[in-house]
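Structural features, examined
The residues making up each chain are set out below.
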Amino acid sequence: MDNKKCRAFLKWAGGKYTLVNEISSRLPEGSRLIEPFVGAGSVFLNTHYPDYLLNDINPDLVNLYRILQIRPQQYVHDARQLFVPQNNQSDQYYALREEFNLSADPYHRSLLFLYLNRHGYNGLCRYNLSGKFNVPFGRYKQPYFPERELYRFAEKAQGMTFTCKPFAEVFQMARPGDVIYCDPPYAPVSRTANFTSYASNGFSMAEQSRLADHARAMAEQGIRVLISNHDTEQTRDLYAGAELSLLKVGRFISQKGHKRSKVNELLALFSPAPEA
């Protein structure tokens, strides 16, 4: 088996592909890795735990993963049919987006979810207040069909558990020997920041604080928790008492290129207190 990093088959805002080596080096050993915010799954794909519990609050994402886990060959065959030149046009994109929003069929939605992810703007996954997917057309010359990445994900997903629950319920499923890795929607880089890609995620600072409290509670039960976030005064306050690692990766955060500023990443490891 080669040592190359595995890419996720989805484009994903805040994806961890570029950071998996740094994250992996800070993840403790354990019998199972629990990811309450699995996203595109880069950490899952590039770590080697005996077992995984993979969760996300997005039902379309979890539905896709479960289907790919069960019938990868049929899924890859059917999804490929959508990646044709006539579907890489604005009118057809919006027609298929509307089809996705009107469909209640899990399998059909899973196919369209991949299509929308690869043809929509910047690989964003965004819904309006009515629950309708509303990412605009991406205008890419030739969207990539991730066949190899789909099969790799399906192969690694065999026997793994996928759930769609709030993070607090996932924490309750942890058992001795588990390790938890959290990649929540990131905190704003300042108290006044309002960046488009983060503002609509519904994960408030109160939720950030609640996540940190759950991590401390897990550590007190002997279960280690690693959390990723922006490196800000607020997150450092939230993670007081944890072992902090600064990653100078410089995520660019503004929509306007000339105004982009670099923001570093923070990894906070909550571990059981050493025995006296």
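The protein goes by Site-specific DNA-methyltransferase (adenine-specific) in an unreviewed UniProt entry, where it is assigned to Bowmanella dokdonensis. In its Sequence similarities (unreviewed entry) section, UniProt records this for the protein: "Belongs to the N(4)/N(6)-methyltransferase family."

Let us now look at unusual backbone geometry. Although it is not a glycine, Asn122 adopts a positive phi angle of roughly 60 degrees. Of note, Asn122 is situated in the loop between helix H6 (106–119) and helix H7 (147–157). Its identity as a non-glycine residue notwithstanding, Arg139 has a phi of 60 degrees, on the positive side.

This part is about the pattern of salt bridges. Enumeration according to the criterion identifies 7 salt bridges in this entry. For Asp183, the salt bridge identified is with Lys16, shortest N-O distance 3.0 Å. Linking Asp183 in the loop between strand E4 (178–182) and helix H9 (196–199) with Lys16 in the segment before helix H1 (20–26), this pair joins segments that are 167 residues apart in sequence. Of the two residues, Asp183 and Lys16, both sit in the buried class. For Asp213, the salt bridge is made with Arg216, and the minimal N-O distance between the two is 3.6 Å.

Once that is clear, we can look at the packing of aromatic side chains. Tallied over the entire structure, the rule returns 21 aromatic pairs. Measuring from ring centre to ring centre gives 6.1 Å for Tyr93 and Tyr115, while their planes differ by 40 degrees; the resulting arrangement is tilted. Taken together, the residues span a long stretch of sequence, with Tyr93 in helix H5 (residues 90–102) and Tyr115 in helix H6 at a distance of 22 residues. The class for Tyr93 is buried, based on a relative accessible area of 0%. Residue classification places Tyr115 among the buried positions, given a relative accessible area of 0%. Across the ring face of Tyr140, the terminal group of Lys11 is positioned such that the distance to the ring centre comes to 3.9 Å. The residue whose ring lies beneath Arg71 is Tyr107, and the NZ or CZ to ring-centre distance is 4.3 Å.

Moving on, we get to the side chain of Asn101. Looking at where Asn101 falls in the secondary structure, it is placed in helix H5. Dropping the residues within four chain positions of it, Asn101 is found in contact with Arg109, Lys132 and Phe133.

This part covers the packing of H5 against H6. Packed helices, taken two at a time, are described by the angle between their axes plus the distance between the axes. Contact pair H5 / H6: the axes reach a minimum separation of 10 Å and the direction vectors enclose 145 degrees. The hand of the H5/H6 crossing is left-handed. Of H6, the residues touching H5 (which contributes Gln92, Tyr93, Leu96, Arg97, Glu99, Phe100 and Asn101) are His108, Arg109, Leu112, Phe113, Tyr115, Leu116 and His119. Of the residues in the contact of H5 with H6, the class split is 7 nonpolar, 4 polar and 3 charged.

For the rest of this paragraph, the subject is the nonpolar core. Within the largest apolar cluster, 55 residues are counted, with the highest numbers of intra-cluster contacts made by Phe9, Leu27, Tyr65, Tyr75, Leu114 and Phe153. No other element matches the 7 residues that H6 contributes to this core. Other than its neighbours up to four places away in sequence, Leu114 contacts Phe9, Leu10, Leu64, Tyr75, Ala79, Phe83, Phe145, Pro146 and Leu150. Core analysis: the second largest hydrophobic core is formed by 25 residues, Ile34, Ala168, Ala215 and Ile227 among them.

Counting buried residues along E4, 5 of its 5 residues qualify, which places the element largely inside the surrounding structure. Of the two faces of E4, the one holding Asp178, Ile180 and Cys182 and the one holding Val179 and Tyr181 are both buried throughout. Inspection of the sheet shows strand E1 (residues 32–35) paired to E4 by 3 bridges, in the parallel sense. Bridge pairing links Leu33 to Val179 in E4. When E4 meets strand E5 (residues 224–230), the two strands line up parallel, connected through 4 bridges.

With that settled, consider the UniProt feature "binding site: S-adenosyl-L-methionine" (unreviewed entry) in the protein. As recorded in UniProt, the feature "binding site: S-adenosyl-L-methionine" (unreviewed entry) lies at Trp12, Lys16, Asp56 and Asp183. Residue Lys16 is classed as buried on the basis of its relative accessible area, which comes to 4%. Mapped onto the fold, Asp56 is located in the loop between strand E2 (52–55) and helix H3 (59–70). What Asp56 contacts, discounting residues up to four positions off in sequence, is Pro36, Phe37, Val38, Gly39, Leu61, Val62, Thr163, Cys164 and Lys165. A distance of 3.1 Å separates the side chain of Asp56 from the backbone nitrogen of Gly39, its partner in a polar contact.

Conventions adopted
- Residues numbered from 1 in each chain as written.
- Predicted model: local features only at pLDDT ≥ 70, side-chain atom pairs only at ≥ 80, totals over all residues.
- Heavy atoms only, no water.
- UniProt positions renumbered as here; feature names shortened; annotations may be inferred.
- Helix = DSSP H or I, 4+ residues; strand = E, 2+ residues; numbered from the N terminus.
- Salt bridge = Lys/Arg side-chain N within 4 Å of Asp/Glu carboxyl O.
- Buried < 20%, exposed > 50% of the residue type's maximum accessible area, 1.4 Å probe, protein only.
- Phe/Tyr/Trp six-rings, centres within 6.5 Å; stacked < 30°, edge-to-face > 60°.
- Lys NZ or Arg CZ within 6 Å of the ring centre and 35° of its normal.
- Contact = heavy atoms within 4.5 Å.
- Axes fitted to C-alpha atoms, helices over the stretch in contact; angles between N-to-C directions.
- Left-handed = near helix turned anticlockwise from the far one by under 90°.
- Nonpolar A, V, L, I, M, F, W, Y, C, P; charged D, E, K, R; others polar.
- Core = buried A, V, L, I, M, F, W, Y, C linked by side-chain atoms within 4.5 Å.
- Pairing = 2+ DSSP bridges.
- Polar contact = N/O pair within 3.5 Å; in protein donor to acceptor, adjacent residues only side chain to side chain.

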